[in-house]
Structures are given as structure tokens and as C-alpha cells.
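A structural walkthrough
Each chain, letter by letter, is given below.
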Amino acid sequence: MLKEDLINSGAIKFGDFVLTSGKRSGYYIDIKSAYTDPEILDEIGLEISGMVKSGKIAGMELGSVPILVSVSIKTKRPFVIIRKDDLKHGTRKRYIGSINLNEEIDIIDDVATTGGSIMKAAEIIRNNGGIVKRAICVVDREEGAAEMLKENNIELYSIIKASELR
Ligand SMILES: O=P(O)(O)OC[C@H]1O[C@H](OP(=O)(O)OP(=O)(O)O)[C@H](O)[C@@H]1O
Ligand SMILES: O=C(O)c1cc(=O)[nH]c(=O)[nH]1
């Protein structure tokens, strides 16, 4: 099971961590190092594939990218990679892939803490004509993401809740 595999792979680290939101935490769930193991990435891809509803998937670089690729190959859905910042050269585009007018897109992420990264991805999709109603993450740290996203008309689904990993 994914939960046991994450624990056994050492993905749950204890110490003093600064999170992307600026919050501090005594633990960190390192999905990114765990999914470098193809068996774990395959498990994550399979689980999320069964939860996707929209015809396209999207996520903020970097954490979501291997998961997007795995789910895309399994479900034959195209994906969109959203950059954290505007590209200053080349295409100068904020995202890779296509977002069509009124197209519904599910957002995928490895971890949800405040939900800020998922919200940012949703804003970019919505500003480009897409519709976002659902987000799926591997681990929900249960620190307000689901509530904040709900206020913004996004339902958050997760494979595992952080409380199940303790
Ligand atoms: O719910 P939030 O408070 O936004 O936190 C969760 C986000 O933080 C991590 O990304 P990070 O910004 O560390 O970038 P990375 O994926 O490039 O490592 C993680 O991959 C999520 O995207
Ligand atoms: O909030 C974050 O930045 C965060 C928390 C966590 O446990 N794992 C992670 O990759 N990011």
C-alpha cells in the first residue's frame, strides 16, 4: 500500500522545516524523493488515475510533474504544466500545454499544506479560460487547504491524510 511504502521509503522526515508558505513544521513529507522510485510513482499514478474526472490534468512545477506524466500515460489525458514564474525568454508563456475556453481541468499536486500552490495553479487556468472544480493531492497535511480551496469552489481530494501517517 502507498501509505506503508511512503513510510518505509523514509519520505516522512522529522526536524525543523520551512515550508513553501513560510510556515515552519516539525515534519516534512518528501513525496518528491519517494517518487524517484518507479514502483512508488506507479502506485501514485494508479491511485490518482482512478480519481481524475476532467478530460485534462494540470499542476504547478515541480512536484506535480512526474505525477502528471504518470497519470497522463495511464489515462491518455493531456496535461498542463504551470510554471511558478513567468518565463523571461523563449515562448514567455506561464504554462506548457493548452487551456481551451470553458474546458474543465483537474489540478494535481504532491502535497497540500495551505493550498496556496493549488490555488495559484487554478487562478492561472481560470484566467486563461479554463474551469477548475477539483484538485487531487497525494498527501493532504490537513492545515487548511481543503477549507480555503472550498471557499474558492475547488473540492480537494487526497490519497492520504497526514494524520494517517503518524
Ligand atoms: O499547499 P502549499 O502551502 O502551497 O504547499 C504545498 C506545495 O509546496 C510544495 O511545493 P514547493 O513550493 O516546495 O515547490 P517544488 O514542487 O518545486 O518543490 C509542494 O510540492 C506543493 O506544491
Ligand atoms: O508545505 C510545503 O511546502 C510542503 C510540505 C511537505 O510536507 N512536503 C512538501 O513537499 N512541501
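Each remark here, short or long, concerns the structure printed above.
Attention in this report is confined to the structure presented alongside it. From a predicted model like this one, the values you see are computed outputs, not experimental measurements.

Section: the side chain of Asp30
In this fold, Asp30 is placed in the loop between β2 (24-29) and α2 (31-34). Reaching out from Asp30, the side chain makes a polar contact with the side chain of Lys13 at a distance of 2.7 Å. Once residues within four sequence positions are removed from consideration, Asp30 is found in contact with Ala11 and Lys13.

Digging into the site of ligand 1
Ligand 1 sits among 15 residues. The nearest are Thr20, Lys84, Asp110, Thr114 and Ser117. Taking Lys84, its side chain carries an N or O atom lying 2.6 Å from an oxygen atom of ligand 1. At a separation of 2.8 Å, an oxygen atom of ligand 1 approaches a polar backbone atom of Thr113. Look at ligand 1: alone it shows 500 Å² of surface, and the protein chains cover 83% of it. A molecule is said to occupy a pocket when more than half its atoms come within 2 Å of that pocket's grid points, and by this definition ligand 1 occupies the largest pocket. Sorting elements by how many residues they give to the shell around ligand 1 places strand β6 (residues 105-112) first, with four residues. Broken down by class, the residue content of the shell around ligand 1 amounts to three nonpolar, eight polar and four charged.

Some words on the packing of helix α3 (residues 38-49) against helix α4 (residues 65-75)
Helix packing for two helices is described by the angle between their axes and how far apart those axes are. As a packed pair, α3 and α4 sit with axes 9 Å apart at the nearest point and diverge in direction by 60°. With respect to their mutual orientation, α3 and α4 come out oblique. You can see that α3 and α4 cross each other, and the crossing is right-handed. Facing Leu41, Asp42, Ile44, Gly45, Leu46, Ile48 and Ser49 of α3, the residues of α4 in contact are Pro66, Ile67, Ser70, Val71, Lys74 and Thr75. Among the residues making up the contact of α3 with α4, the classes are represented as seven nonpolar, four polar and two charged.

Cut-offs used in this document
- Residues numbered from 1 in each chain as written.
- Chains lettered and ligands numbered in written order.
- Predicted model: local features only at pLDDT ≥ 70, side-chain atom pairs only at ≥ 80, totals over all residues.
- Heavy atoms only, no water.
- Helix = DSSP H or I, 4+ residues; strand = E, 2+ residues; numbered from the N terminus.
- Polar contact = N/O pair within 3.5 Å; in protein donor to acceptor, adjacent residues only side chain to side chain.
- Contact = heavy atoms within 4.5 Å.
- Near = heavy atom within 4 Å.
- Areas by Shrake-Rupley, 256 points an atom, 1.4 Å probe, with all protein chains shown as cover.
- 1 Å grid on protein atoms, 1.4 Å probe; cavity = no way out; pocket = protein on both sides within 12 Å on 5 of 7 lines; lining within 4 Å.
- Sits in = over half its atoms within 2 Å of the grid points.
- Nonpolar A, V, L, I, M, F, W, Y, C, P; charged D, E, K, R; others polar.
- Axes fitted to C-alpha atoms, helices over the stretch in contact; angles between N-to-C directions.
- Parallel < 35°, antiparallel > 145°, perpendicular 65-115°, else oblique.
- Left-handed = near helix turned anticlockwise from the far one by under 90°.

Shape descriptors only; they carry no functional weight alone.
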